[in-house]
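Here is how the chains run, residue by residue.
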Amino acid sequence: MTDSPLNDEKSFSLTKKLPTVEHKPRAPDNTLSWQEQAYDRLKVLYEVGKLLSTFENVEKTFPKILDLCSTSFPFRTAVLIEKRGSSVMTAMWNVETVTAEQIARATTSSKESFIYLTGASKCESANLRTTEMSSRTLSHAQTRTQSENKDPESYIVLPLYVDQLPAFGVLQLGGSYPLCEKDVEFVDALSNLVAIAIDRYYRIQYERELKAKEALESSHKLSRSEASVTDLETERELRENFVSLLSHDLRTPLSAAKISAQLIQREVGITETTRSLASRIVFNMNRVDQMISDLLDANRIRSGEKLPLNIEPFDLIALVGRTLEELTTIHGERFILKAPDILDGYWDQRSIRRIIENLCNNAIKYGSPDAPTILSLSQNTEKITDQITDQVTIEVQNTGDLISPEDQKTLFQQFRRSKTAQDSGKKGWGIGLSLVRGVAEAHGGTVKVASDAERGTVFTVTLPIDSRTLISKEGP
Amino acid sequence: MKKTILAIDDNKETLFLEGVVLTQAGYQVHTALGGEAALKMIHELKEIDLILLDYEMAGMNGPEFLAALEKQYPLVFEQTPVIYATAHENPPQKLNKSWIPKLRDIDKFIKDVERFITP
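First, a word on scope: everything that follows refers to the structure included in this document. (Residues numbered from 1 in each chain as written. Chains lettered and ligands numbered in written order. Predicted model: local features only at pLDDT ≥ 70, side-chain atom pairs only at ≥ 80, totals over all residues.)

Side note on the overall build of chain A
Rules: Only runs of H or I of at least four residues qualify as helices and only runs of E of at least two qualify as strands under DSSP, and these elements are numbered from the N terminus. With C-beta atoms placed from the backbone, a residue is labelled by how many other C-beta atoms lie within 10 Å of its own: buried for 20 or more, exposed for 12 or fewer, partly exposed between the two. Contact criterion: two residues are in contact if their C-beta atoms, reconstructed from the backbone, are within 7 Å.
Broken down by element type, chain A carries 12 helices and 13 strands. Going through the 476 residues of chain A one by one, you find that 30% of them count as buried. For chain A, restricting intrachain contacts to residue pairs at least 6 apart in sequence, the fraction spanning at least 24 positions comes to 66%.

Observations concerning the nonpolar core
Residue and element names in this part refer to chain A. As a reminder, the rule being used: To count as a nonpolar core, a set of buried Ala, Val, Leu, Ile, Met, Phe, Trp, Tyr and Cys residues must be joined through C-beta atoms within 7 Å.
Core analysis: the largest hydrophobic core is formed by 40 residues, its most contacted members being L160, V170 and V194. Among the elements that take part in this core, helix α5 (residues 181-266) stands out by supplying 7 residues, more than any other. If we ignore the near neighbours within four places in the chain, the residues touching V170 are I81, S110, S113, F114, L117, V157, L158, P159 and L160. Among the nonpolar cores identified, the runner-up in size contains 33 residues, and F335, C360, V447 and V461 belong to it.

With respect to the pairing of strand β3 (residues 50-54) of chain B
Residue and element names in this part refer to chain B. To keep it simple, the criterion reads: DSSP-based pairing: two strands are paired if at least 2 bridges between them are found.
Counting buried residues in β3 gives 4 out of 5 residues, a clear majority hidden from the surface. Pairing of strand β1 (residues 4-9) with β3 involves 4 bridges; the strand directions are parallel. In the strand pairing of β3, A7 is matched with L52. Note that β3 and strand β4 (residues 82-86) share 4 bridges and pair parallel. By the bridge assignment, L52 is partnered in β4 with I83.

Points about the interface of chain B and chain A
Counting from both sides, the interface comprises 13 residues of chain B and, opposite them, 11 residues of chain A. Looking at which element gives the most residues to the side of chain B that touches chain A, the answer is helix α1 (residues 12-24) of chain B, with 5 residues.

Below, the structure written as structure tokens:
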């Protein structure tokens, strides 16, 4: 036996001795008829089946099974050996009357059976002396009777397998009397139940482990992506705070310079040159101030904040007229206004002025220097989902280089400057149009662009005639 | 009799210009560089018609100054109207006081102050 690979206990990565089962072996009860005995065993199998359906683990479930079986089938030793992956687990149960020698023999015998039935390593060369082992006459079960003279000990060895051989383990029951064919049938049925239960148990465990692993991996992934989202948010917050702080801090000295220039303008007895220089300072400081406002608002739009609006009733035509007058002082007579006499509505004056300024400045900046920029204002109604909405449309049209369809797609994104704009060599921050869109959307309106050879480039801003409704709808 | 304004700001430039602008607009103006300076000054001033208080100041900020004022000069605190000057476009609602935007344009600033006090 020393040649058997399984004699080396190291090959059993997990060996467990389990608690002794309180069990009294009994001789076959000859007083029972075979029908009564069959019924008795059927009941046992039924109970074992019930137990196995809630198979917890070998240590917990097996002693209960053996107890049940012993009521109908007498045995002295029970050995369970099973192979799981690279490890082999052996468990042994025995009754008190069993001698150490009997245990040793049962163990050896079960290991041999295991090697044989599972095709475990070196099984061909293993010293499987007993001829009985190889004669598998009774379906899966092995009956072996020791020499009756000496120490009558018979084993019944059952391969544990599901679907097909080789088995993944063996269950061996040992008794001290010869086993009949009916005993083998009973234990065969028992082994099938056990095999299915163990197989199912490990499958479930495997699935659980897999799921746990997947869950762990996905939670790792999630935490990683959460971390990067947090990083991005932190970065964004920092940038926004930076812009906000910078703007406020810039404004203080800027205002001081501007107010000082305004005070010079008010001085009595200064020369015309001084007054003119002071007014230049004021004008340029105002421009810087406007840029800071734009930057702050761009920051607001970027962070998803709504632009603060001060909605009030006014005549749009008058406002556009005033704005164009100011723009004319900068750019000259470059604008043509096509509009009705009056167009009253509810909007934010400062914001509308910025829309006009931005679109007009762009038209001058990138449009043909010889052609005028045409502003068209009109009132119209549009039916949106059964609701007739009064709208006002502001169109700013210029000729010159066209904007390609690709550039049109990203034109209203922040810090995006179209290729045309970049190629023009003109400087810009790429926030003007994103502001126009932000302002239009804050009013519940839209902005779009069309650029073709026929009309040139046309920016169209559409606003509801009364933006109060939108504000009140969206309010808390 | 000119109306008296106590302007409190931690920025020298702003404070100086507020002083000039409000003086030119016809007010009697006292300026204090920060809350602590203002508290030291208050008992010397006979009558204040309006306190123009910078909201965000290094050291003692606007609300902290008011808390200290209430503690040290409860009578002044009770009887003197206070307005905040703030750089915020949308100041927090919890200010609990009227506010005007900081000095960015002379005419607008004078108009804002006149809503609370005329010279």
